[in-house]
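Each chain is listed here by its residues.
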Amino acid sequence: MYDDPDKFLKAVMNDSGTDAKLRVDAAKALLSAQVRRAENGGKKQEQADAAKKVASKFATATPPKLVAAGGKKV
């Protein structure tokens, strides 16, 4: 039915037919998960940051300027 825990918690939180205590607990769990993700950045963000760090070590240099003898363009 729900493939994402966030969607499930939102559905429980917004369902007026559900007990109020259960709705509050769902809201707490959803907020807690969102705060943890914001603080940690998540695995994908960590991997992207690590990739950028490594890529900057191997940045390509500008190619040499080609000039023929006597200052004529090649």
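Participant: Before we move on, could you go through the overall build of the protein chain and cite the residues and values that matter?
Facilitator: Per the secondary structure count, the protein chain includes three helices and zero strands. Order of helices (α) and strands (β) in the protein chain, N terminus to C terminus: α-α-α.

Participant: Can you tell me about the packing of aromatic side chains, naming the residues and giving the values?
Facilitator: Applying the stated criterion to the full structure yields one aromatic pair. Arranged with centres 5.6 Å apart and planes meeting at 65°, the rings of Tyr 2 and Phe 8 form a pair that is edge-to-face. Relative accessible area serves as the criterion here: at 42%, Tyr 2 is assigned to the partly exposed category.

Participant: Explain the pattern of salt bridges residue by residue, including any values.
Facilitator: Scanning the model with the defined rule gives two salt bridges in all. A salt bridge links Asp 3 to Lys 7; its shortest N-O distance comes to 3.9 Å. Across the pair Lys 21 and Asp 25 runs a salt bridge whose closest N-O atoms are separated by 3.4 Å. Placement of both Lys 21 and Asp 25 in helix α2 (residues 20-40) is noted, with a separation of four residues, approximately one turn of the helix.

Participant: Lay out α2 with the relevant residues and their values.
Facilitator: Here α2 contains 21 residues, and its C-alpha end-to-end distance of 30 Å stays within 8% of the 30 Å for a straight helix at 1.5 Å per residue. Those residues of α2 not exposed but buried are Ala 26, Leu 30 and Ala 33. For α2, the angular spread of the buried residues around the axis is 65°, confining them to a single face. Structural note: α2 exposes Ala 20, Lys 21, Lys 28, Leu 31, Ala 38 and Glu 39 on the side pointing more than 90 degrees away from its buried face.

Conventions used here
Residues numbered from 1 in each chain as written. Predicted model: local features only at pLDDT ≥ 70, side-chain atom pairs only at ≥ 80, totals over all residues. Heavy atoms only, no water. Helix = DSSP H or I, 4+ residues; strand = E, 2+ residues; numbered from the N terminus. Phe/Tyr/Trp six-rings, centres within 6.5 Å; stacked < 30°, edge-to-face > 60°. Buried < 20%, exposed > 50% of the residue type's maximum accessible area, 1.4 Å probe, protein only. Salt bridge = Lys/Arg side-chain N within 4 Å of Asp/Glu carboxyl O. Expected span 1.5 Å × (residues − 1). Arc of directions from axis to C-beta.

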